[in-house]
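Notes for the structure review
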Amino acid sequence: MKINWGTSIVIAFALFMTFILYFVFQVQSNSKYDNELVVEEYYKHDAHFGEEMIRIQNANNLVQKPIITVSKLGITIVFPNDFEPKNIKGKVSLYRPSNKKLDFEIPISLSNPTLLIPVSNLVGGRWDINMEWQYSGKQYLTKEIIYIK
């Protein structure tokens with residue numbers, strides 16, 4: 001049986017479309033390729049963007065800013081000495097961009113100016129830290145990206 005060039009082109013297109021559809025199906029059905037959003041309700045999140053920028057600016061205006069460091073023990077957050085530790089309230093949110101299931105939050109409740117997030121709670125790789133806190137009625141937001149080895 002002899003195949004002419006028109007039939008060859010149709011066969012090539014059919015094989016290419018089958019190849020593409022196979023990969024689309026694999027990405028949609030396999031949990032290994034997770035297609036989650038970073039923020040669930042991003043439209044609501046964007047509506048509060050102006051407020052967020054004010055809180056970030058409040059944090060940037062501080063003379064002494066909170067210091068976030070990574071050590072063998074975990075992530076250490078040291079708040080400014082100017083603030084009374086027991087009056088600092090808020091939360092620290094740790095986001096793992098590659099896996100939403102690893103995200104968690106820690107409330108800020110201090111007796112000294114240092115907060116330690118133990119390394120046992122952390123998996124190696126990139127973490128986005130959003131620290132929302134308030135002191136004396138003023139709200140602050142600090143964002144930082146760290147890498148755990």
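For the structure, see preceding data.
These numbers were taken from a predicted model, which means no experiment stands behind them. (Residues numbered from 1 in each chain as written. Predicted model: local features only at pLDDT ≥ 70, side-chain atom pairs only at ≥ 80, totals over all residues. Heavy atoms only, no water.)

Moving on, we get to the nonpolar core. If you look at the biggest cluster of nonpolar residues, it comprises 25 residues, and the most contacted ones within it are Ile75, Ile77, Val92, Leu94, Ile108, Ile117 and Trp133. Where this core is concerned, the elements lending two or more residues are strand 2 (74-78), strand 3 (89-95), strand 4 (104-108), strand 5 (114-118), strand 6 (125-135) and strand 7 (138-148). Looking at this core element by element, the count peaks at five residues for strand 6. The residues touching Ile117, leaving out its near neighbours within four places in the chain, are Leu73, Gly74, Ile75, Ile77, Val92, Leu94, Phe104, Ile106 and Leu122. (Core = buried A, V, L, I, M, F, W, Y, C linked by side-chain atoms within 4.5 Å. Buried < 20%, exposed > 50% of the residue type's maximum accessible area, 1.4 Å probe, protein only. Helix = DSSP H or I, 4+ residues; strand = E, 2+ residues; numbered from the N terminus. Contact = heavy atoms within 4.5 Å.)

A few words now on the pairing of strand 4. The two faces of strand 4 differ: Phe104, Ile106 and Ile108 on one face are buried, but Glu105 and Pro107 on the other face are not. With five bridges connecting them, strand 3 and strand 4 associate as antiparallel partners. Its bridge partner lying in strand 4, Val92 is registered against Ile106. (Pairing = 2+ DSSP bridges.)

In this section: the packing of aromatic side chains. Across all of its chains, the model carries eight aromatic pairs by this definition. Ring plane angle 45 degrees and centroid distance 6.2 Å describe the contact between Phe83 and Tyr140, whose orientation is recorded as tilted. Here the residue Phe83 occupies a position in the loop between strand 2 and strand 3, and Tyr140 occupies one in strand 7, the gap between them amounting to 57 residues. Just as Phe83 is buried, Tyr140 falls in that class too. With centroids separated by 5.9 Å and ring planes inclined at 70 degrees, the aromatic side chains of Phe104 and Trp127 adopt a geometry described as edge-to-face. Taken together, the residues span a long stretch of sequence, with Phe104 in strand 4 and Trp127 in strand 6 at a distance of 23 residues. In textbook terms, an aromatic cluster arises when at least three aromatic residues are bridged by ring pairs, as seen for Phe79, Phe83, Trp133, Tyr135 and Tyr140. (Phe/Tyr/Trp six-rings, centres within 6.5 Å; stacked < 30°, edge-to-face > 60°.)

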